[in-house]
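Residue strings, one per chain:
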Amino acid sequence: MKIVIGSDHAGWALKGGVIAHIKELGHEVVDVGSHDPKPVDFPDIAQALTAKVLSGEAQRGIMVCGTGVGASIAANKVRGIRAAVCHDVHSAHQSVEHDDVNVMCIGAQIVGPWLANDLVESFLEAEFEDNEDYRRRVDKLHQMDSGFK
């Protein structure tokens, strides 16, 4: 699988280890920045990351910021993106299995390197459980993207 990853300055230090782990798992990585610890606005990184997911250049995205919250808010502003903050392994896989999440956001100030690796592995190994209930709910999310109320 090809994974796009991005971080702001608060997530930059953790991102390097996450990239190495993704590669160890056998996936390709596209890094859209930040490429150093200088301050950067997370919405800019989220925009670059989500563009890669929507274009099909990457199958999933991972955003790393201070708490994961800002990255999640920014990514979810983009139609077609379903981003979730995941700081536990259960959420990391269930968000994909039940909600077809395509961007996981983690907080470098919340999780350490070991947990980050576990989250990434759980997120990347998960597959959407294509059953009627989950399909219906994800279809409703698509409708909400289109302004349907």
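Below is a summary of the structure that appears in this document. (Residues numbered from 1 in each chain as written. Predicted model: local features only at pLDDT ≥ 70, side-chain atom pairs only at ≥ 80, totals over all residues. Heavy atoms only, no water.)

## Observations concerning the sheet that holds strand 5 (residues 103–107)
Paired through backbone hydrogen bonds, the strands of a sheet run either parallel or antiparallel to each other.
Right, on to step 1. Taken in spatial order, the five strands make up an open sheet running 2-1-3-5-4, and their pairing is parallel. A single partner strand is all that each edge strand has here, and the edge strands are strand 2 (28–31) and strand 4 (83–85). This sheet shows a mean twist of 25° between the axes of neighbouring strands, independent of strand direction.
Right, on to step 2. This element, helix 1 (residues 12–24), spans strand 1 (2–7), strand 2, strand 3 (60–65) and strand 5 of the sheet and lies at about 170° to strand 1.
Right, on to step 3. Strands strand 1, strand 2, strand 3 and strand 5 of the sheet are contacted by helix 2 (residues 42–55), whose axis makes an angle of about 170° with strand 3. (Pairing = 2+ DSSP bridges. Helix = DSSP H or I, 4+ residues; strand = E, 2+ residues; numbered from the N terminus. Axes fitted to C-alpha atoms, helices over the stretch in contact; angles between N-to-C directions. Contact = heavy atoms within 4.5 Å.)

## Observations regarding the pairing of strand 3
Right, on to step 1. Within strand 3, six of the six residues are buried, leaving the element largely enclosed by the surrounding structure.
Right, on to step 2. Taking every second residue as pointing to the same face, both faces of strand 3 are buried, with Arg60, Ile62 and Val64 on one and Gly61, Met63 and Cys65 on the other.
Right, on to step 3. As paired strands, strand 3 and strand 5 are joined by five bridges and run parallel to one another. Opposite cysteine 65, over in strand 5, you have glycine 107 as the bridge partner. (Buried < 20%, exposed > 50% of the residue type's maximum accessible area, 1.4 Å probe, protein only.)

## Focus on the packing of helix 1 against helix 5 (residues 113–125)
Right, on to step 1. Here helix 1 crosses helix 5 at 45°, and the two axes come no closer than 10 Å. By the angle class used here, helix 1 and helix 5 are oblique. Relative to helix 5, the crossing made by helix 1 is right-handed. Contact with helix 1, carried on its side by Leu14, Gly17, Val18, His21 and Ile22, involves Pro113, Ala116, Asn117, Val120, Glu121 and Leu124 of helix 5 and no other residues of that element. (Parallel < 35°, antiparallel > 145°, perpendicular 65-115°, else oblique. Left-handed = near helix turned anticlockwise from the far one by under 90°.)

## What about the side chain of histidine 21?
Right, on to step 1. Along the chain, histidine 21 falls in helix 1.
Right, on to step 2. Setting aside anything within four residues of it in sequence, one finds histidine 21 in contact with Asn117, Val120 and Glu121.

## Comments concerning the nonpolar core
Right, on to step 1. Grouped together as the largest cluster of nonpolar side chains are 22 residues, with contacts concentrated most on Val18, Ile22, Ile62, Met104, Ile106 and Phe123.
Right, on to step 2. Those elements giving two or more residues to this core turn out to be strand 1, helix 1, strand 3, helix 4 (89–99), strand 5 and helix 5.
Right, on to step 3. With five residues, helix 5 is the single largest residue contributor to this core.
Right, on to step 4. Excluding residues that lie within four positions of it along the chain, methionine 104 makes contacts with Gly61, Ile62, Met63, Ala84, Cys86, Ala92, Leu119, Val120 and Phe123.
Right, on to step 5. Among the nonpolar cores identified, the runner-up in size contains 17 residues, and Val4, Ala46, Ala58 and Ala71 belong to it. (Core = buried A, V, L, I, M, F, W, Y, C linked by side-chain atoms within 4.5 Å.)

## Description of the side chain of histidine 98
Right, on to step 1. Along the chain, the position of histidine 98 falls in helix 4.
Right, on to step 2. Side-chain polar atoms of histidine 98 contact the side chain of tyrosine 134, separated by 3.0 Å.
Right, on to step 3. Excluding its chain neighbours within four sequence positions, the residues that come into contact with histidine 98 are Phe128, Glu129, Tyr134 and Val138. (Polar contact = N/O pair within 3.5 Å; in protein donor to acceptor, adjacent residues only side chain to side chain.)

## Thoughts on the packing of aromatic side chains
Right, on to step 1. In the structure shown here, the tally under the stated rule is zero aromatic pairs.
Right, on to step 2. In this structure, arginine 60 packs its charged tip against the face of phenylalanine 123, placed 5.3 Å from the ring centre. (Phe/Tyr/Trp six-rings, centres within 6.5 Å; stacked < 30°, edge-to-face > 60°. Lys NZ or Arg CZ within 6 Å of the ring centre and 35° of its normal.)

## So, the packing of helix 2 against helix 3 (residues 69–76)
Right, on to step 1. Interhelical geometry of helix 2 versus helix 3 gives an angle of 50° and a closest axis separation of 9 Å. Put simply, helix 2 runs oblique to helix 3. Here helix 2 runs over helix 3; the crossing is right-handed. Here Phe42, Pro43, Ala46 and Thr50 of helix 2 come into contact with helix 3, specifically with Gly70, Ala71, Ala74 and Ala75.
Right, on to step 2. Residues of the contact of helix 2 with helix 3, tallied by class, amount to six nonpolar, two polar and no charged. (Nonpolar A, V, L, I, M, F, W, Y, C, P; charged D, E, K, R; others polar.)

Nothing here speaks to function; it is geometry throughout.
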